[in-house]
Amino acid sequence: NRYYRNADGCLVCFDLTKRSSFDSVSKWVEHARSNSGNPLLVLTLVGNKADCQEGRQVARAEAEALAAHHSMECTCVVEMLSFRCYIDILHPSLAF
């Protein structure tokens, strides 16, 4: 897929309040790895909506375990930030 071609990094984001988005993470990780053409692709798992504790359907430990399984970094964020800010905060080595 052309969206991943020559990528150095990929943020795999999911909604902590929507179990189905977490269940799709492995599919997106494999899709990114197989289409990037970069054997050193840096992947970071991002759980969004960490401030919605009442509706949370994915525990931090569960997200961290999945990230470890795929050799990814893992973080949970309160809300979506601008893409530039996202990169600077989550993965400084990929900053512009």
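Everything that follows concerns the structure shown earlier in this document.
**Brief notes about the overall build of the chain**
Line of reasoning, step 1. Helix and strand counts for the chain stand at four helices and three strands.
Line of reasoning, step 2. Secondary structure elements of the chain occur, N-terminal to C-terminal, as β-α-α-β-α-β-α.
Line of reasoning, step 3. Each of the 96 residues in the chain was classed as buried or not, and the buried ones make up 34%.
Line of reasoning, step 4. A separation threshold of at least 6 residues defines the contact pool for the chain, and within that pool the share at least 24 residues apart is 74%.
Line of reasoning, step 5. Carbon and sulfur atoms form 53% of the exposed surface of the chain, whose accessible area is close to 5900 Å².

**What to know about helix α3 (residues 60–69)**
Line of reasoning, step 1. Residues Ala63, Leu66 and Ala67 constitute the buried set of α3. Viewed along the axis of α3, the buried residues span an arc of 100°, placing them on a single side of the element. Opposite the buried face of α3, by more than 90 degrees, sit the exposed residues Ala61, Ala68 and His69.
Line of reasoning, step 2. Two residues or fewer past α3, Ser71 is found with a positive phi of approximately 55°.

**A word on the pattern of salt bridges**
Line of reasoning, step 1. Counted under the stated rule, the structure contains three salt bridges.
Line of reasoning, step 2. Arg60 is the partner of Glu64 in a salt bridge, and the nearest nitrogen-oxygen pair spans 3.4 Å. One end of the pair is Glu64 and the other is Arg60, both in helix α3 and four residues apart, which spans about a single turn.
Line of reasoning, step 3. Judged by relative accessible area, which is 41%, Arg60 ranks as partly exposed.

**Considering the environment of Glu54**
Line of reasoning, step 1. Along the chain, the position of Glu54 falls in the loop between β2 (42–48) and α3.
Line of reasoning, step 2. Residue classification places Glu54 among the exposed residues on the basis of a relative accessible area of 85%.
Line of reasoning, step 3. On a C-alpha basis, the gap between Glu54 and Thr17 in space is 8.7 Å, while along the polypeptide they are 37 residues apart.

**Overview of unusual backbone geometry**
Line of reasoning, step 1. Unlike most non-glycine residues, Asn6 shows phi in positive territory, near 60°.
Line of reasoning, step 2. Residue Ser71 is not a glycine yet carries a positive backbone phi of 55°.
Line of reasoning, step 3. Of note, Ser71 is situated in the loop between α3 and β3 (73–77).
Line of reasoning, step 4. Among the residues examined, Ser71 registers a relative accessible area of 63% and is labelled exposed.

**Some remarks on the pairing of β2**
A regular strand places its side chains so that they alternate between the two faces of the sheet.
Line of reasoning, step 1. By the criterion of burial, β2 is predominantly enclosed, with six of the seven residues buried.
Line of reasoning, step 2. Where strand β1 (residues 9–15) meets β2, seven bridges bridge the pair, whose relative direction is parallel. Across the sheet, residue Val12 finds its bridge partner in β2, namely Leu45.

Conventions and cut-offs
Residues numbered from 1 in each chain as written. Predicted model: local features only at pLDDT ≥ 70, side-chain atom pairs only at ≥ 80, totals over all residues. Heavy atoms only, no water. Helix = DSSP H or I, 4+ residues; strand = E, 2+ residues; numbered from the N terminus. Buried < 20%, exposed > 50% of the residue type's maximum accessible area, 1.4 Å probe, protein only. Contact = heavy atoms within 4.5 Å. Areas by Shrake-Rupley, 256 points an atom, 1.4 Å probe, with all protein chains shown as cover. Arc of directions from axis to C-beta. Salt bridge = Lys/Arg side-chain N within 4 Å of Asp/Glu carboxyl O. Pairing = 2+ DSSP bridges.

No statement about biological role is implied by the geometric values presented.
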